[in-house]
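# Structure at a glance
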Amino acid sequence: MSASLNAAVATTVTAVDPACAEPLAVLGRDVTVPLVTGGEVTYAALDYAASAPALQRVWDDVAAYAPYYGSVHRGAGYLSQLSTDLFEQSRVTVAEFLDCRPADQVVFTRSTTDSLNLLAAVLPADCQVFVFETEHHASLLPWVDAQVTYLNAPRTPAEAVATLERALADRDPYGPALVCVTGASNVTGELWPVKELAAAAHAHGARIVLDAAQLAPHHPVSVQELDVDWIAFSGHKLYAPFGSGVLAGRADWLQEAQPYLAGGGASRKVARREDGGVDVEWHTTAARHEAGSPNVIGVYSIASACKALTEAGFENLVARERHLIAKVREGLAEVPAVRILSLFGDDAPRVGVISFVVDGWNSSHFAAALSAEYGIGVRDGLFCAHPLVRTLLGSEPQAQGECGAPEAAPGERSLNAIRVSFGAGTPDEHVERFVRAVKELVADGAKWQYRTEEGRCVPAV
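Everything quoted here is computed from the prediction, not taken from an experiment. Along each chain, residue indices are assigned from 1 in the same order as the chain's sequence is written. With pLDDT at 70 or above as the cut-off, local features in this predicted model cover only qualifying residues; side-chain atom pairs require 80 or more to be listed or tallied, and sums for whole chains, interfaces and linings still use all residues. Side-chain measures here rest on the full set of heavy atoms in the structure, leaving out hydrogens and waters.

For the rest of this paragraph, the subject is the packing of helix H12 (residues 363-374) against helix H14 (residues 428-444). Axis lines are fitted to C-alpha atoms, over the contacting stretch for helices. Their N-to-C directions set the angle, which ranges from 0 to 180 degrees. Helix numbers and strand numbers start at the N terminus; a helix is a DSSP run of H or I with at least 4 residues, a strand a run of E with at least 2. Two elements in contact, H12 and H14, have axes separated by 11 Å at closest approach and are oriented at 115°. Once H12 is placed against H14, the crossing between them reads as right-handed. Touching Phe366, Ala369, Leu370, Glu373 and Tyr374 of H12 are Arg433, Phe434, Ala437, Val438, Glu440, Leu441 and Val442, all from H14. Each residue is assigned to one class: nonpolar for Ala, Val, Leu, Ile, Met, Phe, Trp, Tyr, Cys and Pro, charged for Asp, Glu, Lys and Arg, and polar for all the others, Gly among them. Its residues assigned to classes, the contact of H12 with H14 comprises 9 nonpolar, no polar and 3 charged. Crossing chirality is assigned from the near helix's rotation relative to the far helix, an anticlockwise turn below a right angle marking it left-handed and a clockwise turn marking it right-handed. Only heavy atoms matter for contacts: two residues are in contact if any of them lie within 4.5 Å across the pair.

On to the side chain of Lys237, then. Of note, Lys237 is situated in the loop between strand S9 (230-234) and strand S10 (245-249). Accessible area is worked out with a 1.4 Å probe on protein chains only. A residue is then buried under 20% of its type maximum, exposed over 50%, and partly exposed in between. Positive charge is attributed to Lys and Arg, negative charge to Asp and Glu, and no charge count is given to His or to the chain ends. When a carboxyl oxygen of Asp or Glu is within 4 Å of a side-chain nitrogen of Lys or Arg, the pair counts as a salt bridge. Buried charge Lys237 goes without a salt bridge, the closest partner of opposite sign being Asp47 at 7.8 Å. The definition of a polar contact used here is a pair of N or O atoms within 3.5 Å, where within protein one atom must be able to donate a hydrogen and the other to accept one, and adjacent residues in sequence count solely through side-chain atom pairs. Among the polar contacts made by the side chain of Lys237, one reaches the main-chain carbonyl oxygen of Ala50 at a distance of 2.9 Å. If near-sequence neighbours (up to four positions away) are discounted, Lys237 is found in contact with Ala49, Ala50, Ala52, Ala213, Gln214 and Pro217.

We now examine the nonpolar core. Membership of the largest hydrophobic core comes to 82 residues, with the highest contact counts inside it found for Val94, Leu98, Leu164, Leu210, Phe233, Leu238 and Val246. The greatest single-element share of this core, amounting to 8 residues, is contributed by helix H10 (residues 296-312). With 33 residues, the next largest nonpolar core counts Ala44, Ala369, Leu370 and Ala437 among its residues. Throughout this description, the term nonpolar core refers to a set of buried Ala, Val, Leu, Ile, Met, Phe, Trp, Tyr and Cys residues connected via side-chain atoms within 4.5 Å.

Across the 6 residues that make up strand S7 (residues 177-182), a large majority, 6, are buried. Because side chains alternate across S7, one face comprises the buried residues Ala177, Val179 and Val181, and the other comprises Leu178, Cys180 and Thr182, equally buried. Alignment of strand S5 (residues 128-132) against S7, held across 4 bridges, turns out to be parallel. Opposite Gln128, over in S7, you have Ala177 as the bridge partner. In short, DSSP must find at least two bridges between two strands for them to pair. In terms of strand pairing, S7 meets strand S8 (residues 207-211) through 5 bridges, oriented parallel. Along S8, the bridge assignment pairs Val179 with Ile208. A right-handed crossover is one whose linking path, passing over the helix from the first strand to the second, runs clockwise when the strands point away from the viewer. Crossover connection from S7 via helix H7 (residues 194-203) to parallel S8: handedness right-handed.

If you want it as structure tokens, here you go:
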């Protein structure tokens, strides 16, 4: 990776002809779904930004291990010892995947949200947190017990760096500080200038945590090269099921704080005192924040996904994804009624996440028609990034259509968007079908009637 993440992604990749490359094998690639207009079609899963389908390789690895499943860390039997070795080796695999520093700790959590809440729980007293309003709620909301400064949405990467530098320089008192920033937006797909933001944070005595939930599945991430203090991501976006996540980075704040959860596994020694209480000696390793029986299958699935993506070659994956991004963006550009949402502009490097609105359509209605009439799964709404989407949409009205947005209260104006997202397992046919469907819906309208049911737009029976 070059000096800047943006520059790295902008570099031309010549290792593979993306038009000829095959997508990675994922579960569900042959699933068919019924259409309201009759018949069935192979499901086009274009909601990777929410949960990516599991890689076939990951599923096969987990299936091979499953008969040997056993308790982790506290069992003397063969299967327990094997499972413990597998769990700890997975920690090594993840550290290698992220290019962690030798002294960094890899803590296994439930998700990106859990990882960032863990970090919020171990902040030093009087720590100030700086976060852009553009963040996903997982990185926007955990800092309730800290002094938080919310920064306005920048319109260029350079403006993001300058905004952060001003905020850090003006902070008072000049104590511990943490910057939280996404690597790739879950709304626009745009890459953020992580290395430059990390340099700005460190120049002003602050630390930085990278939310890589949308970045790690699409691009190589080096903790050392980006010079971030922590990184958080989720397995379910990295083609790994079973609900596990990672917080990796510097150990000092983690070791100095009370355990995130108190219980077995986090404690090294517990003894009764004469006064009736207990004395506890907590672990200083990652186990300090991994109390309870760990999700060894979830952890192993993350490690398997890390290996699979590394072996597939990120240069090949990036090249192929750019090919798909170009197909979608060029196709949508041919529809005047469609407006793609963006902070940094058309030329900004991005991952396979694109959000848009369609003139004359409520986004919930449009997404429902894509599913019911074309077998295409996308997402509509505000994508757990409400301030960002509201900023991008501004005061633009949306047609109420036959179904309202699930976020709109009675009497309020509907405000939502459509998001299409894809990745290593997406075949060309899925994005081509999506573009054709958008064009047909805009030109001809929906073929079916729709209604609102429990806050969702669904086909009328």
